[in-house]
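Here is how the chains run, residue by residue.
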Amino acid sequence: MKFTLKVWRQKNAQEQGSFVTYEVFGISEDMSFLEMLDVLNEDLTLKGEEPVAFAHDCREGICGTCGLFINGRAHGPLTGTTTCQLHIRHFKDGETITIEPWRAKAFPVIKDLVVDRSAFDRILQAGGFVSVNVGSAPEANGILVPKKNADEAFDTAACIGCGACVAACKNASAILFVSAKVSHLSLLPQGKPERRTRVLNMVKTMDEEGFGNCTNTGACEVECPKGITLASIARLRREYCKAKIKG
Amino acid sequence: MQNAEKKCAVKKCAMEKSSVTEKVFMSLTGLFLCLFLVVHLGGNLLLFKQDGGAAFNAYSHFMETSWIIRVIEIFLLLFFLTHIFMAIKLTIKNKQARPVSYAVNKASENSSWFSRNMEITGGVIFIFLCVHLYNFMFSQRFFHHYPSMYAAVRTVFQNPWYVLFYVICLSWVGFHLIHGVQSSFQSLGLRHPIFTPWIKKLGVLFAALIFLGFLSLPVYFFFSRTSRRNVQSAISHQLKIENGFKRGASQ
């Protein structure tokens, strides 16, 4: 298969970027999207040109490092998929594919398709932790967790922090990410000690980082590769209101 | 000591406004405005009573003179202003959150048009609100342009341009409500696997009823004017024919 790729190229955070068009040939339909970019980069290296910078790590859809805006959709045209798990067979032979980095003020472009997502780290530092006793491992069944809570907590813990929610949201809001973390920890007994401060501090940091405000469009839910739903955002809002009222 | 510090930090944080509390304000004011629409429509439907506008004029006189309505009006104004200013503030913040937009963005594949364009539908409603207040509230209560509110309604809705303007703007009120009603529940954290799908459906139904309910008034008054004209022209046509016969008979 062959494709025309319109790729965002930007030398560094300070300089202006622009789209550069490349042609790639001999792409197998079984390749992943990132493997196609690997082929492009090999070609560019052989030609003596600068390869396209893009973030990737596990390539198994579990680390949240990769993330590209492909043909107007976060992580490409499929739902429930990370960029590394997107395969070429979902594109038409000869198609023009536009590849852009996540666009958000809180996610500045470092180079080409790589963005700085450390804003997420700072949100987690603000409240995405629990207090535990250090020392010997506790008894596994010492803290009982209702099955329903365990399931819901696990569903939200599936968030890999890829930033697709921010990328897809028309307001570049990070609330789905924050709500996944808040839900995950507040549903479990281990998360109870910091329950109120967590939600207040994480929302405060989210606002300070320059993310937009949620307008409930639901785009984040559709694009989330891990299926985090708007129910977790509703839970965050309830947690937040409770923390505010109880002070 | 640490506990006291922690409590102090929580209290300090609790006093600050955030993106979540702003949405709570948007939601509560929006829901109050929905309630206002219901009351407003209920009163307006008196226009259909075939009593020459007596019931509607009595209703509008009560609305103009009652002190309870004055107090509610102040709250209504405050809620409108909060909703509008908060929306402007959030829209500016949201635009700033993405300084560089996407070259290709297929937003329609992951969200509805109504949800993505609340600021535009809201902006149209604001323009409509200004014209609407001028047409009826200001022109009647302050400038006394018409002998009664019923006369004001009849006069304004005889102008086809006003009728067209109202039809277009009312449809945008409906667009705003299609997303607004369900969104306000979500903003308050009220989400339930069974109730939320119903809230969404009822939100769309509410939007449709508000649109059709308010739409019925300008359309009714415009076409009743036309039908009155038709009746008048039919009568004059009949008279001409009768006169023609009389002239023919006398000759």
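Residues numbered from 1 in each chain as written. Chains lettered and ligands numbered in written order. Predicted model: local features only at pLDDT ≥ 70, side-chain atom pairs only at ≥ 80, totals over all residues. Heavy atoms only, no water.

Colleague: What exactly am I supposed to notice about the sheet that holds strand β1 (residues 3-9) of chain A here?
Modeller: In any sheet, the strands associate via hydrogen bonds between backbone groups, in a parallel or an antiparallel arrangement. Residues and elements named next belong to chain A. One open sheet accounts for 5 strands, arranged β2-β1-β5-β3-β4; its pairing is mixed. For this open sheet the edge positions go to β2 (18-24) and β4 (73-74), each flanked by a neighbour on one side alone. Judged from the 7 bridges that link them, β1 and β2 form a sheet pairing that is antiparallel. Bridged to Trp 8 within β2 is Phe 19. (Pairing = 2+ DSSP bridges. Helix = DSSP H or I, 4+ residues; strand = E, 2+ residues; numbered from the N terminus.)

Colleague: How should the environment of Trp 113 of chain B be read in this particular structure?
Modeller: All names here are of chain B. On the secondary structure map, Trp 113 appears in helix α5 (residues 113-116). Overall, Trp 113 belongs to the partly exposed group, its relative accessible area being 37%. Apart from residues no more than four positions distant in its own chain, Trp 113 is found in contact with Thr 121, Trp 172 and Phe 175. (Buried < 20%, exposed > 50% of the residue type's maximum accessible area, 1.4 Å probe, protein only. Contact = heavy atoms within 4.5 Å.)

Colleague: Hey, could you run me through the interface of chain A and chain B in this one?
Modeller: When the parts come together, some accessible area is lost, and that loss is often what is quoted as the size of the interface. At the interface, 52 residues of chain A touch 42 residues of chain B. Note on chain A versus chain B: buried area summed over both sides is about 3800 Å², and carbon and sulfur give 54% of it. The salt bridge involving Glu 119 of chain B is made with Lys 170 of chain A; its shortest N-O contact spans 3.4 Å. Contributions of two or more residues to the side of chain A that touches chain B are made by β5 (96-100), α4 (164-168), α6 (195-208), α7 (219-223) and α8 (230-246) of chain A. When residues of the side of chain A that touches chain B are assigned to their parent elements, the largest contribution, 10 residues, is made by α8 of chain A. Along the lines of polarity and charge, the residues of the side of chain A that touches chain B split into 26 nonpolar, 14 polar and 12 charged. (Buried area = accessible area lost by both parts, 1.4 Å probe. Salt bridge = Lys/Arg side-chain N within 4 Å of Asp/Glu carboxyl O. Nonpolar A, V, L, I, M, F, W, Y, C, P; charged D, E, K, R; others polar.)

Colleague: Which parts of the structure should I look at to understand a nonpolar patch on the surface?
Modeller: All names here are of chain B. A cluster of nonpolar side chains, contributed by Trp 67, Ile 68, Val 71, Ile 72, Ile 74, Phe 75 and Leu 78, occupies part of the molecular surface with about 710 Å² of accessible area. As for its position among the elements, Phe 75 is in helix α4 (residues 67-96). For Phe 75, a relative accessible area of 45% gives the class partly exposed. (Patch = residues over 30% accessible without salt bridge, like charges linked within 9 Å, V, L, I, M, F, W, Y side chains within 5 Å. Areas by Shrake-Rupley, 256 points an atom, 1.4 Å probe, with all protein chains shown as cover.)

Such coordinate-based values are descriptive only and should not be taken to indicate function.
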